[in-house]
Amino acid sequence: MFGNYLIGLREGLEASLVVCILVAYLVKSERRDALRPVWLGISAAVLLAMTFGAVLQYGSQTMTFEAQEMLGGSLSIVAVGLVTWMVFWMRRTARHLKKELHGKLDAALAMGTGALVLTAFLAVGREGLETALFIWTAVQATNDGVRPLVGALLGLLTAVVLGWLFYRGALKINLAKFFTWTGGMLIVVAAGVLAYGVHDLQEADVIPGLGSKAFDISEQIPADSWYGTLLKGVFNFQPDPTWLQVAVWALYLVPTLLFFFGPGRAGKVAPSRAPQEAKADATVPAADRVDAAASSAAPSAGNGGVRDGARRTGEHPVGEQG
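What counts and how
- Residues numbered from 1 in each chain as written.
- Predicted model: local features only at pLDDT ≥ 70, side-chain atom pairs only at ≥ 80, totals over all residues.
- Heavy atoms only, no water.
- Helix = DSSP H or I, 4+ residues; strand = E, 2+ residues; numbered from the N terminus.
- Contact = heavy atoms within 4.5 Å.
- Phe/Tyr/Trp six-rings, centres within 6.5 Å; stacked < 30°, edge-to-face > 60°.
- Buried < 20%, exposed > 50% of the residue type's maximum accessible area, 1.4 Å probe, protein only.
- Patch = residues over 30% accessible without salt bridge, like charges linked within 9 Å, V, L, I, M, F, W, Y side chains within 5 Å.
- Areas by Shrake-Rupley, 256 points an atom, 1.4 Å probe, with all protein chains shown as cover.
- Salt bridge = Lys/Arg side-chain N within 4 Å of Asp/Glu carboxyl O.
- pLDDT = per-residue confidence, 0-100.
- Core = buried A, V, L, I, M, F, W, Y, C linked by side-chain atoms within 4.5 Å.

A separate point is the overall build of the chain. The helix and strand tally for the chain stands at twelve helices and two strands. The helix and strand sequence of the chain, counted from the amino end, reads α-α-α-α-α-α-β-α-α-α-α-α-α-β. When contacts within the chain are restricted to residue pairs at least 6 apart in sequence, long-range pairs at least 24 apart make up 83% of them.

Turning our eyes to something else, we now look at the packing of aromatic side chains. Ring pairs (aromatic) are described by centroid distance and by the angle formed between their planes. All chains considered together, the criterion is met by three aromatic pairs. On the basis of an interplanar angle of 35° and a centroid distance of 5.4 Å, the ring pair of Phe-88 and Phe-259 is categorised as tilted. Of the two residues, Phe-88 sits in helix H3 (residues 65-93) while Phe-259 sits in helix H9 (residues 243-260), which places them 171 residues apart along the sequence. Residue classification places Phe-88 among the buried residues on the basis of a relative accessible area of 12%. Taking relative accessible area as the criterion, Phe-259 reaches 49% and is therefore assigned partly exposed. Here the aromatic residues Phe-88, Phe-259, Phe-260 and Phe-261 are joined through ring pairs into a cluster of three or more.

This paragraph deals with a nonpolar patch on the surface. Together, Val-146, Val-150, Leu-153, Leu-154 and Leu-157 line one region of the surface with nonpolar side chains, adding up to about 430 Å² of accessible area. Tracing the sequence through the fold places Leu-154 in helix H6 (residues 147-168).

Time to look at unusual backbone geometry. Even without a glycine there, the phi angle at Asp-205 is positive, about 65°. For Asp-205, the location among the structural elements is in the loop between helix H7 (175-203) and helix H8 (226-235). On the accessibility criterion, Asp-205 (66% relative accessible area) is exposed.

Mean pLDDT over the chain stands at 74; residues scoring 70 or higher make up 74%. At the level of individual helices and strands, the chain shows its lowest average pLDDT in strand S2 (residues 306-307), which scores 38, and its highest in H9, which scores 93. For the stretch residues 289-322, pLDDT sits under 50, and the model shows 106 contacts to residues farther than four places along the chain or on other chains.

The subject of this paragraph is the pattern of salt bridges. Taken as a whole and judged by the stated rule, the model has one salt bridge. For the salt bridge of Lys-213 with Asp-240, the shortest nitrogen-to-oxygen distance reads 4.0 Å. One end of the pair, Lys-213, is in the loop between H7 and H8; the other, Asp-240, is in the loop between H8 and H9, with 27 residues separating them in the sequence. Residue Asp-240 is classed as partly exposed on the basis of its relative accessible area of 22%.

Leu-22, Leu-26, Val-38, Leu-116 and Val-124 are the most contacted members of the largest nonpolar core, which has 35 residues in total. Elements with a minimum of two residues in this core: helix H1 (2-28), helix H2 (35-59), H3, helix H4 (97-111), helix H5 (113-142), H6 and H7. Top contributing element to this core by residue count: H1, with 14 residues. Judged by nonpolar contacts, the second largest core, of 26 residues, contains Leu-56, Met-86, Leu-133 and Ile-187.

What follows is the structure, encoded as structure tokens:
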């Protein structure tokens, strides 16, 4: 359940930041008339993600056992690839996300309502599809259709609340540290999903080695015990993995974590810039701070923190930076 909560929180907060940037930019630009098409595109993206998840869940039930295992194993590997790409992408490009979204939004405003809907749809849709796919693979791995969904839903609700507080200027959050540590935890979760995906492909006779067990500690850690369930839900732990599962798990987890947390991955603020940035944080209105969210999400972008204090007395929420 925790692993799915983490997925929902991480992906949901990324989507919330995108929505905050889009809405804040339109408010600052005094284009509130364009908010309705943007919300329409966001709603369509959420509906697409839910439809995609439902198709995966109910469509796979009509397949044979081998076909289900092949589908589950293949999509697990795809999901791990997408999540891995996502956590590294956020570290590398988040500092430019605000500028990129503003440029697309300006072009969409010039083109009309349909372009606005499409821009918002594409900006949020990717996060929704990734979330639906990863949650579905986690449900298949745990063989529990309730707790993973509850965990993911709680994570998404938490992300929505955080996004709203962030937009209102009532929240202080160091996005650099948040995305770094949640990214690391997601890599650990993804390693377990990858190992289980390999197990599914072995059960489908696509990959050999199903009977070659690396170890079996089922008696020490029963699958139906509370700690066995906890390990299964968080890390997709299996008490009797095959040698191939162990090898794939280690070959993915160790290099990926080393590269993710390796030297030089987390940048720091140059001393000459820190005072100016601190001063800017103290004077920028809330809507402008929302626009700065993506810039601070990357560890190498500035000080990595977003300081969202209350608006200064008398300032208009769509004012320019001080």
